[in-house]
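Below, each chain spelled out in residue letters.
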Amino acid sequence: MNFQKWFGCTQWLPLYNREWLASDLVAAVVVTIMLIPQSLAYALLAGLPAEVGLYASMAPLLAYAVFGSSRAMAVGPVAVASLMSAVAAGQFAQGDVALFYQASVVLALIGGAVLILLGVLRAGFVANLLSHPVVGGFVSASALLIALGQLGSLLGVSAKGETFVETAVVLVSKIGQLDATTTAIGLSALLWLWAARKWGKAVLKSLGLNGLALEITFRAAPVVAIVCSIVAMTLLQTSTVRTVGSIPTDLPGLFFPSLALNAWVDLVVPAVLIALVGFVETVSVGHALAAKRKQRIDPNQELLGLGAANIASGIFGGYSVTGGFSRSVVNFDAGAQTPMAGVFTAGGILLATLFLTPLLTNLPHATLAATIIIAVLGLIDWHLPKMLWRYSRRDFFAYALTVLVVLFAGVEAGIIAGVVFSILALLAAISRPHLAIVGQVPGTEHFRNEKRHKVVMVDGLVSVRVDESLYFPNARWLEDVLLEVAANKPGTRALILQCNAINHIDASALESLEKIDENLKAMGVALYLSEVKGPVQDQLALSEWYQSIQSRIGLTHLETMDMALRA
């Protein structure tokens with residue numbers, strides 16, 4: 001067996017050169033500056049100590065570099081996965097801090113194992129199980145939920161709830177208890193980060209900065225907020241503001257959760273959901289970035305890369321990670337050419353853990369909350385609902401349902417509801433596909449819908465086109481509608497089913513076609529098939545019915561009409 005295909009690095013490592021090295025080093029500097037405050041903030045969002053975010057930002061980058069296929073992907077803690085991890089671990093631990101941490105690690109390990117298994121099975125198609133409206137609704141609602149949840153830390157009050165409404169009620173009830181100093185620091189950081197994101201690049205360009213200097217300075221806005229808030233805390237010497245506290249400078253060691261087997265089983269469902277959501281986000285970002293450089297990613301390889309990253313995170317005491325949209329875009333824009341940029345970024349995080357974390361003792365939670373709020377609000381696609389309403393009401397309702405259930409029932413329930421609704425809506429659409437009675441366009445051999453075009457109809461012949469493959473959901477519908485068409489056309493001698501849009505006929509549909517043939521014969525109408533695709537005809541040839549219908553299958557629709565007229 002060729003094991004090289006399991007290692008994504010074999011595609012770029014043998015070709016590595018000095019030019020790529022320089023670009024990857026520059027990208028690593030930019031991403032490291034961005035990643036340090038994000039890692040700390042997202043760990044707190046996940047309900048974990050700040051240093052866990054740093055642990056989850058080192059080993060996963062190394063593992064992904066070995067197994068992943070995207071040249072610019074930057075894996076690590078992200079907002080949505082952090083929220084999902086916090087909810088799942090919180091429901092499991094029921095207030096036990098030690099159990100909460102172990103559950104967070106186990107979620108990463110299980111999710112990683114599931115992704116690797118799917119990768120080995122070459123099951124990258126699972127990314128298609130979550131539609132864009134469902135993912136968009138889930139991300140938007142989760143972002144609102146996260147932002148509201150972080151308002152408590154921004155204002156210096158404890159405002160936690162399972163749902164959006166619960167959190168809002170708690171926050172409103174405690175608004176009178178807000179800490180003035182914490183609020184001032186948090187709102188100042190929030191205003192600074194918002195202004196920096198909105199006008200930062202324009203101001204820096206007006207000052208003459210460009211290229212790498214511009215990118216590094218622009219990405220350093222959260223670092224500036226952190227430094228200023230730490231200085232403010234040092235000068236104020238107040239004890240009312242909650243801070244990160246002492247962060248260990250030790251390197252992460254190997255971690256082996258001590259949970260019992262039944263506890264692992266209890267965490268399987270949320271772990272799989274976190275892993276699949278993360279995989280969908282990773283693949284979406286990977287495809288978008290690869291297309292800009294005329295490259296490609298392999299979803300099956302991404303399963304292995306992301307799975308290995310989660311396993312590495314869990315083994316070294318981290319939690320669930322995925323390919324982050326914002327940091328991957330930054331990595332790409334900063335010029336990253338290969339996953340080696342992630343390796344260098346991991347080195348930067350390692351140095352920060354060893355030498356910079358003692359300086360973060362007085363870092364207020366409010367500043368990190370502001371960082372999270374600005375980051376997650378940028379994930380919301382405000383134009384998507386309007387576009388979906390205009391283009392597809394079915395997709396809009398999938399989006400809206402996902403948003404509402406996430407906000408009012410929780411993240412897991414929301415994504416499950418969105419997926420279930422999408423599947424049911426798809427089955428509903430398949431069960432009643434578009435059907436057209438077609439006629440010949442004058443002077444051509446083309447046949448089109450009689451309701452849309454001026455066509456020529458032949459007396460005694462009815463031509464019907466079904467724009468869908470035939471499956472069990474629409475098999476009975478097909479019986480009813482074709483018999484109704486024949487009954488509504490007095491004098492019909494033959495009904496021709498145009499099959500150019502039919503890619504598959506399952507056993508239920510085959511049985512229905514046999515019944516249709518029998519019932520039409522009883523009505524004095526012969527059934528014909530035209531333009532049957534090769535694979536579909538091969539499939540029909542395996543049935544007993546094929547012996548009777550074979551002589552009534554035409555290569556083209558016009559040929560089939562002539563066949564029916566001569567019969």
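From a predicted model like this one, the values you see are computed outputs, not experimental measurements.

Caption draft 1: Molecular detail of the overall build of the chain. Along the backbone of the chain there are 24 helices and 8 strands. C-alpha extents for the chain along the principal axes are approximately 100 × 60 × 60 Å. Relative to its 567 residues, the chain shows a buried fraction of 52%. In the form shown here, the chain has an accessible surface area of approximately 25,900 Å², with 63% of it arising from carbon and sulfur atoms. Charge centroids of the chain, computed over 35 positive and 35 negative side chains, lie 9 Å from each other.

Caption draft 2: Structural view of the side chain of Thr 402. Looking at the element boundaries, Thr 402 is found in helix α18 (residues 393–409). Residue Thr 402 is classed as buried on the basis of its relative accessible area of 0%. In this structure Thr 402 touches Val 134, Gly 137, Phe 138, Gly 414 and Gly 418, once residues within four positions along its chain are discounted.

Caption draft 3: Region of interest: the sheet that holds strand β8 (residues 553–554). Taken in spatial order, the 6 strands make up an open sheet running β4-β3-β5-β6-β7-β8, and their pairing is mixed. Each edge of the open sheet is held by one strand with a lone partner, namely β4 (447–449) and β8. As judged from the 5 bridges shared by strand β6 (residues 494–498) and strand β7 (residues 526–530), these two strands associate in the parallel manner. Among the inter-strand pairings, Ala 494 is bridged to a residue of β7, identified as Ala 526. Across the face of the sheet, helix α20 (residues 472–487) comes into contact with β3 (435–440), β5 (461–466) and β6 while running at roughly 155° to β5.

Caption draft 4: Representation of helix α6 (residues 132–155) in the model. Taking 1.5 Å of rise per residue, 24 residues should cover 34 Å, and α6 covers 35 Å from first to last C-alpha, within 8% of that figure. When you tally the buried positions in α6, you get 18 out of 24 residues, the bulk of the element.

Caption draft 5: Structural view of the pattern of salt bridges. Across all of its chains, the model carries 7 salt bridges by this definition. We note a salt bridge from Glu 215 to Arg 219, for which the minimum N-O separation is 2.9 Å. Of the two residues, Glu 215 and Arg 219 are both situated in helix α9 (residues 211–219); the distance of 4 residues between them amounts to about one turn of the helix. Overall, Arg 219 belongs to the buried group, its relative accessible area being 16%. One salt bridge connects Glu 479 with Arg 476, and the closest N-O pair in it is separated by 3.6 Å. Remark: Arg 476 and Glu 479 occur in helix α20; sequence separation between them is 3 residues, near one turn of the helix. Residue class for Glu 479 comes out buried when judged on its relative accessible area of 10%. Bridged by salt links that share partners, the residues Lys 201, Glu 215 and Arg 219 form one connected network.

Caption draft 6: View of helix α1 (residues 18–45). Given a rise of 1.5 Å per residue, 28 residues ought to cover 40 Å, and the 39 Å separating the end C-alpha atoms of α1 matches this to within 8%. By the largest-angle criterion, Leu 35 marks the main kink of α1, which is about 30°, and a proline, Pro 37, follows within four residues. Measuring from the backbone nitrogen of Glu 19 back to the side-chain oxygen at the start of α1 gives 3.1 Å, which picks out Asn 17 as the cap. Two residues or fewer after α1 comes Gly 47, characterised by a positive phi angle close to 80°.

Caption draft 7: Seen up close, a nonpolar patch on the surface. A cluster of nonpolar side chains, contributed by Leu 251, Leu 351, Leu 354, Phe 355, Leu 356 and Leu 359, occupies part of the molecular surface with about 600 Å² of accessible area. Here Phe 355 lies in helix α15 (residues 340–355).

Caption draft 8: View of the packing of aromatic side chains. Across all of its chains, the model carries 8 aromatic pairs by this definition. For the ring pair Tyr 101 and Phe 255, a centre distance of 5.2 Å and an interplane angle of 65° mean the geometry is edge-to-face. In this pair, Tyr 101 sits in helix α5 (residues 97–120) while Phe 255 sits in the loop between α10 (221–236) and α11 (261–266), placing the two residues 154 residues apart along the sequence. Taken together, a centroid distance of 5.1 Å and an interplanar angle of 80° make the contact between Trp 194 and Trp 199 edge-to-face. For Trp 194, a relative accessible area of 41% corresponds to the partly exposed category.

Caption draft 9: Seen up close, the environment of Ser 469. With respect to the secondary-structure elements, Ser 469 resides in the loop between β5 and α20. By relative accessible area, Ser 469 is classed as buried at 4%. When the C-alpha atoms of Ser 469 and Pro 433 are compared, they prove to be 8.9 Å apart, with 36 residues separating the residues in sequence. What Ser 469 contacts, discounting residues up to four positions off in sequence, is Asn 474, Ala 501, Ile 502, Asn 503 and His 504. Reaching out from Ser 469, the side chain makes a polar contact with the backbone nitrogen of His 504 at a distance of 3.3 Å.

Conventions and cut-offs
Residues numbered from 1 in each chain as written. Predicted model: local features only at pLDDT ≥ 70, side-chain atom pairs only at ≥ 80, totals over all residues. Heavy atoms only, no water. Helix = DSSP H or I, 4+ residues; strand = E, 2+ residues; numbered from the N terminus. Buried < 20%, exposed > 50% of the residue type's maximum accessible area, 1.4 Å probe, protein only. Areas by Shrake-Rupley, 256 points an atom, 1.4 Å probe, with all protein chains shown as cover. Lys, Arg positive; Asp, Glu negative; His and termini not counted. Charge placed at Lys NZ, Arg CZ, Asp CG, Glu CD. Contact = heavy atoms within 4.5 Å. Pairing = 2+ DSSP bridges. Axes fitted to C-alpha atoms, helices over the stretch in contact; angles between N-to-C directions. Expected span 1.5 Å × (residues − 1). Salt bridge = Lys/Arg side-chain N within 4 Å of Asp/Glu carboxyl O. Bend = angle between axes of the 7 residues up to and from the residue. Polar contact = N/O pair within 3.5 Å; in protein donor to acceptor, adjacent residues only side chain to side chain. Patch = residues over 30% accessible without salt bridge, like charges linked within 9 Å, V, L, I, M, F, W, Y side chains within 5 Å. Phe/Tyr/Trp six-rings, centres within 6.5 Å; stacked < 30°, edge-to-face > 60°.

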